[in-house]
Structure formats: C-alpha cells, structure tokens
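In case you want the letters, here they are:
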Amino acid sequence: SGKWARALSILTEFEEKCGTPSSKLKQVADAMTVEMHAGLASEGGSKLKMIISYVDNLPTGDEKGLFYALDLGGTNFRVLRVHLGGKESRVVKQEFEEVSIPPHLMTGSSDELFDCIASALAKFVATESDSQHVSPGRQRELGFTFSFPVRQTSISSGTLIKWTKGFAVEDTVGQDVVGELTKAIERAGLDMRVAALVNDTVGTLAGGRYNNPDVAAAVILGTGTNAAYVERAHAIPKWHGLLPKSGEMVINMEWGNFRSSHLPLTEYDQALDAGSLNPGEQIFEKMISGMYLGEIVRRVLCKMAEEAAIFGDAVPPKLKIPFILRTPHTSAMHHDTSPDLKVVATKLKDILEISNTSLKLRKLIVEVCDIVATRGARLSAAGIVGILKKLGRDTVKDGEKQKSAVALDGGLYEHYTKFRTCMENTLWELLGEEASENIAVEHSMDGSGIGAALLAASHSQYI
Ligand code: ADP
Ligand code: MG
C-alpha cells in the first residue's frame with residue numbers, strides 16, 4: 001500500500017542520512033585529531049575541553065592498603081571498598097554496592113544529592129569487617145569518580161563546568177565537587193578524606209593500566225560517552241605548570257561535546273538536541289551513547305506512525321513520550337533471534353502498549369534499531385582512531401612493534417553486543433590489517449571504581 005511505501009521511504013532516507021562509509025569516518029577521525037590539538041593549545045580553543053587531570057603517574061602495582069571509591073555516573077552510583085596488596089597480591093579483595101539515584105535528586109539541590117550519596121557511603125563503611133579497618137590514627141581515603149565535566153584544579157579538587165546526561169542541579173555548577181562531597185560526608189558523621197577526584201575515563205585508564213602496561217587510552221560507552229588518554233606533557237601548550245617527572249599527563253577529552261560537519265546528523269538528532277536539557281551541546285554523545293539511542297529510535301518510529309500510519313490511524317499515545325523507549329529495550333529488540341520476533345512484540349506491548357503488529361513491521365523496527373546502533377558504534381570507532389592518530393599509533397612505522405591497548409567500559413559496551421562487535425570491527429576496518437595487529441581493545445571491568453581507589457592510594461596523605 002501507499003502507506004507502507006511511505007514507511008519504507010522514511011527508513012531509506014534515514015539510513016542514507018546515517019551513512020558512515022570508511023571515507024566519512026576517516027574525516028571524523030581527522031577532525032577529532034585536529035580538535036584535540038586545538039583543545040590542548042589553549043583553554044577554550046576547541047569544543048573538546050581536553051581537561052588536564054593532574055594524574056601524571058598511573059598505577060604501578062605497588063599500591064597497598066584499604067581504600068574506598070565512589071563512582072557517580074549517570075544512572076547509578078557505586079561505592080567500593082578495595083584492599084590492595086601490592087606487587088605480589090594485587091587486588092586482595094573488592095566489594096561494592098550499587099545505589100540508583102532517585103530521579104528527583106537529579107534536578108534538585110546540591111545538598112540533597114550529595115547527602116544521599118554520603119549517607120549511602122556511610123552505610124557501606126559501616127559494613128567494614130574487623131580485619132578491614134584502616135590502621136589506627138589513619139583517616140579513610142576515597143577516590144571520587146565523577147563523570148561530568150570538571151575544571152580540575154588539583155588531583156583532589158575541581159569545579160563543575162556543567163551537568164550532562166539529564167542532571168540539572170543548578171547550585172552545584174561552579175562549585176568544587178570535592179568540597180560539596182566533603183561537606184556532605186561531614187554532615188553524615190563520617191571520617192573520610194577525598195584523596196583523588198577523577199573522571200570515569202581517567203579511572204578506567206588507571207584501572208586498565210594496572211592490568212596491562214600497554215593501555216594508552218580509555219573510552220566509556222555508557223549513559224554518556226567520553227575518552228581519556230596519556231599525553232606527553234610537553235605536547236600540552238596550555239599547561240604552564242612544572243613538567244611532571246614522568247613526562248606524561250592524563251587528559252580527559254570530554255569527547256561527548258565533539259562536533260564536526262562530517263558527523264551524519266539527521267532531522268531526528270536535531271529535534272532530540274533542541275528538546276534536550278543541554279541544546280547545542282554534547283552532539284557526539286547524543287549520537288552514540290546509551291541515554292540517547294533508544295530515544296532516536298522512538299523519534300523515527302513516531303515519524304513513521306504520523307506519516308505512514310504504521311501502527312494504525314492514530315499515533316499510539318505512549319510512543320509520543322520522550323525517553324520512554326530506553327536503549328536496553330531497543331538493544332533487546334535488535335538482538336531478537338526468534339523467527340517471529342517475539343521480543344520485539346513483547347517490548348512494543350509492554351513499553352508502548354502497541355499490539356497486533358505484523359512480522360513485516362517488526363522487521364522494519366529492528367532495521368531502525370540497527371541503523372541507530374551501527375552509526376553510534378562506527379562513530380565511536382572513528383573517535384578512537386582519532387586518539388590513536390594523535391598518539392602516532394594508528395600506523396606501523398618501520399616495522400615498529402609498539403603495542404597499544406584501549407580500555408573500554410560502560411553499560412552500552414558491556415551489554416549491547418551488536419554495538420560492541422560493530423565498534424570493534426569498524427576499528428579494524430579503519431586501521432587496516434597491519435596496524436590492527438598492534439592495537440588491542442579490552443573490557444576494563446569496574447575499571448573506573450578500582451582505578452579511583454588506585455589513584456587514591458597513590459595520592460594518599462600517608463605516603
Ligand atoms: P553510567 O554511564 O551511568 O556510569 P553504565 O556504564 O552502567 O552507567 O551504563 C548504563 C547505561 O548503559 C544505561 O543508561 C544504558 O543506556 C546502557 N545499557 C545498560 N544495559 C544495556 C543493555 N542491555 N543494552 C544496551 N544498553 C544498555
Ligand atoms: Mg559509569
């Protein structure tokens with residue numbers, strides 16, 4: 001019928017606009033490299049903030065003692081207790097607890113948000129066993145993983161530049177987030193010092209390096225997306241401090257805010273951005289990360305419902321609700337291997353209250369999920385190639401065999417298999433066979449939490 005043809009034409013047009021051939025991805029990678037240079041050259045020189053992390057030494061394996069970490073991401077926060085045993089014993093024991101952030105606290109006051117975090121932390125500390133106490137007279141020390149853009153002022157302080165990923169706690173912006181946390185820790189009656197403030201990418205880099213000395217960069221694909229890497233200190237023109245002994249400095253790129261005319265933006269992306277809490281910002285993140293993939297799918301389905309009546313004459317009311325369709329839902333539909341696409345039918349019914357869909361229509365929906373995930377996965381691979389280019393590790397020079405590894409983490413990477421596979425395959429496609437042999441990607445499980453504990457250990461007040 002004419003309606004089905006209209007649906008197909010919306011699909012085809014969307015697919016074309018989302019196209020990411022190698023040639024385009026190479027332009028994206030090049031643009032990423034260019035922006036990295038610009039962001040390192042001067043403060044405000046690029047959409048990429050290229051934040052100096054003050055981490056100039058990554059874990060060696062010698063770290064020892066009992067340390068805490070707190071990981072505030074986008075959806076949950078986690079508290080960790082890590083017992084580090086030094087070179088021989090490594091991580092002797094790790095325990096964690098995950099707490100979901102009550103949605104009203106994501107847009108409430110700073111005190112309420114940090115009080116909630118500190119009280120969860122206090123409860124967790126109370127579960128220390130007798131053998132786990134820090135030495136007498138010592139304060140407990142914490143690595144704070146905070147996955148939002150922070151203007152770092154030292155290893156243990158930094159002011160919040162802006163919220164992302166659906167947070168809008170206005171009175172935290174411009175404040176030192178360690179100060180906010182420390183005050184809440186005191187209000188909770190806990191004796192604990194924040195020894196290191198790190199971005200989740202920096203934590204993942206530290207955790208990755210602890211396990212593999214080849215790790216040179218870390219990428220998070222979760223609710224949001226970001227990357228960090230190890231830069232040579234003398235290649236950071238905007239750094240006017242003393243050159244660190246190591247000669248290195250970890251840079252938190254804040255690549256979610258990357259933007260380039262080479263990005264395949266569609267009308268759906270533009271509408272999503274315009275209706276978001278942070279219009280005009282985090283454009284790369286909005287095309288790639290877990291917070292947004294499901295929402296892009298929803299917007300395409302909405303258009304098909306409006307203009308091609310794919311769900312009947314009326315647009316299903318639930319389908320009109322922003323963010324009702326989450327990435328885990330579209331991921332489940334995308335991975336549906338049943339011949340009659342049972343999972344797709346179930347998700348449509350449970351989430352959108354849509355029933356009686358034809359198999360043909362369910363296939364069309366899977367196709368939309370595939371287009372959105374493929375574009376996101378391929379763009380993230382291009383971003384990684386941009387970093388490798390900046391490091392001069394995207395090609396093999398004179399048969400040189402320098403190995404590089406990239407540590408990856410985040411719920412999207414961890415759970416969305418098709419996304420992960422496509423991202424990795426695209427990386428090999430862009431690098432070519434020879435260079436690919438020297439590059440490894442590895443899942444750095446819980447890297448951001450353990451990494452923060454490791455960095456708390458190396459920045460302890462007692463060493
Ligand atoms: P954060 O980024 O908030 O620190 P995570 O790294 O745990 O948290 O990532 C959580 C995000 O991962 C969710 O917001 C969701 O978008 C994505 N995610 C979780 N599970 C799945 C899944 N099964 N399939 C696809 N995406 C998932
Ligand atoms: Mg996280």
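This structure is a prediction, so every number in the text was calculated from the model and none was measured.

1. Focus on the overall build of the protein chain
Then comes step 1: Within the protein chain one finds 15 helices and 13 strands.
Then comes step 2: Whereas a compact globule of 463 residues would reach a radius of gyration of roughly 23 Å, the protein chain reaches 23 Å, a difference of no more than 12%.
Then comes step 3: Dimensions of the protein chain, computed from C-alpha atoms along their principal axes, come out at roughly 75 × 55 × 40 Å.
Then comes step 4: Among the 463 residues that make up the protein chain, the fraction classed as buried is 48%.
Then comes step 5: In the protein chain, 73% of the contacts between residues at least 6 apart in sequence involve partners at least 24 apart.

2. Remarks on the packing of helix α1 (residues 2–17) against helix α12 (residues 359–390)
Two quantities define a packed helix pair, namely the angle between the helix axes and the distance between the axes.
Then comes step 1: It is the contact of α1 with α12, at a shortest axis distance of 10 Å, that shows an interaxial angle of 15°. With respect to α12, the element α1 is oriented roughly parallel. The handedness of the crossing between α1 and α12 comes out as left-handed. Residue-level contacts link A7, L11, F14 and E15 of α1 to L364, E367, V368 and I371 of α12.

3. Regarding the UniProt feature "domain: Hexokinase C-terminal" (unreviewed entry) in the protein chain
Then comes step 1: Residues annotated by UniProt as "domain: Hexokinase C-terminal" (unreviewed entry) correspond here to residues 217–457.
Then comes step 2: Taken end to end, residues 217–457 is 50% helix and 12% strand, and its two terminal C-alpha atoms sit 21 Å from one another.

4. What about the pairing of strand β3 (residues 76–85)?
For a regular strand, side chains alternate in direction, first toward one face of the sheet and then toward the other.
Then comes step 1: Here 9 bridges tie strand β2 (residues 64–72) to β3, and the two strands are oriented antiparallel to one another. Residue pairing for β3: L72 is matched across the bridge by F77.
Then comes step 2: Counting the residues that bridge the hairpin from β2 to β3 gives 3 residues.
Then comes step 3: Strand direction decides the pairing type here: β3 and strand β4 (residues 91–100), joined by 9 bridges, are antiparallel. Of the residues in β4, the one forming a bridge with L84 is V91.

5. Focus: the site of ligand 1
Then comes step 1: The environment of ligand 1 is made up of 17 residues, and the closest members are G73, G74, G222, G290 and G411.
Then comes step 2: When contributions to the shell around ligand 1 are tallied by element, the ones reaching two or more residues are α9 (290–308), α10 (327–334) and α13 (411–415).
Then comes step 3: Residues belonging to the shell around ligand 1 are distributed by class as follows: 4 nonpolar, 13 polar and no charged.
Then comes step 4: Both domains that furnish three or more residues to the shell around ligand 1 are identified here as domain 1 (1–53 + 212–445) and domain 2 (56–198).

6. Digging into the sheet that holds β4
Then comes step 1: Across the sheet, which stays open at both edges, the 5 strands sit in the order β4-β3-β2-β5-β8 with mixed pairing between neighbours. At either margin of the open sheet sits one strand with a lone partner, and together these are β4 and β8 (192–198). Across the sheet, the mean angle from the axis of one strand to that of its neighbour is 20°, orientation sign disregarded.
Then comes step 2: On the sheet, helix α5 (residues 177–187) packs against β5 (140–146) and β8 and is oriented at approximately 155° with respect to β8.

7. Looking at α10
Then comes step 1: By the criterion of burial, α10 is predominantly enclosed, with 6 of the 8 residues buried.
Then comes step 2: Of the positions making up α10, those classed as buried are T327, H329, T330, S331, M333 and H334.
Then comes step 3: Structurally, α10 contributes buried residues whose contacts are with α9, α11 (342–352), α12, α13 and α14 (417–436).

8. Let's talk about the sheet that holds strand β13 (residues 439–443)
Note on sheets: strands pair through backbone hydrogen bonds, and any given pair is parallel or antiparallel.
Then comes step 1: Pairing within the open sheet is mixed, and its 6 strands lie in the order β1-β11-β10-β9-β12-β13. Looking at the sheet topology across the chains shown, the edges are occupied by β1 (51–52) and β13.
Then comes step 2: Bridge count between strand β10 (residues 225–232) and strand β11 (residues 248–252): 5 bridges; the pairing is antiparallel. When the sheet's bridge partners are listed, R232 is paired in β11 with E248.

9. Some thoughts on the confidence of the model for the protein chain
Then comes step 1: In the predicted model, the protein chain carries a mean pLDDT of 96, and 100% of its residues have values of at least 70.
Then comes step 2: Confidence metrics for the complex model read pTM 0.96 and ipTM 0.99.

10. Remarks on the UniProt feature "domain: Hexokinase N-terminal" (unreviewed entry) in the protein chain
Then comes step 1: The feature "domain: Hexokinase N-terminal" (unreviewed entry), as annotated in UniProt, sits at residues 11–210 in this numbering.
Then comes step 2: Taken end to end, residues 11–210 comprises 34% helix and 27% strand; its first and last C-alpha atoms sit 45 Å apart.

Cut-off values and rules
- Residues numbered from 1 in each chain as written.
- Chains lettered and ligands numbered in written order.
- Predicted model: local features only at pLDDT ≥ 70, side-chain atom pairs only at ≥ 80, totals over all residues.
- Helix = DSSP H or I, 4+ residues; strand = E, 2+ residues; numbered from the N terminus.
- Rg over C-alpha atoms; globule rule 2.2 N^0.38 Å.
- Buried ≥ 20, exposed ≤ 12 C-beta atoms within 10 Å, placed from the backbone.
- Contact = placed C-beta atoms within 7 Å.
- Axes fitted to C-alpha atoms, helices over the stretch in contact; angles between N-to-C directions.
- Parallel < 35°, antiparallel > 145°, perpendicular 65-115°, else oblique.
- Left-handed = near helix turned anticlockwise from the far one by under 90°.
- UniProt positions renumbered as here; feature names shortened; annotations may be inferred.
- Pairing = 2+ DSSP bridges.
- Near = placed C-beta within 6 Å.
- Nonpolar A, V, L, I, M, F, W, Y, C, P; charged D, E, K, R; others polar.
- Domains from an automatic or database assignment.
- pLDDT = per-residue confidence, 0-100.

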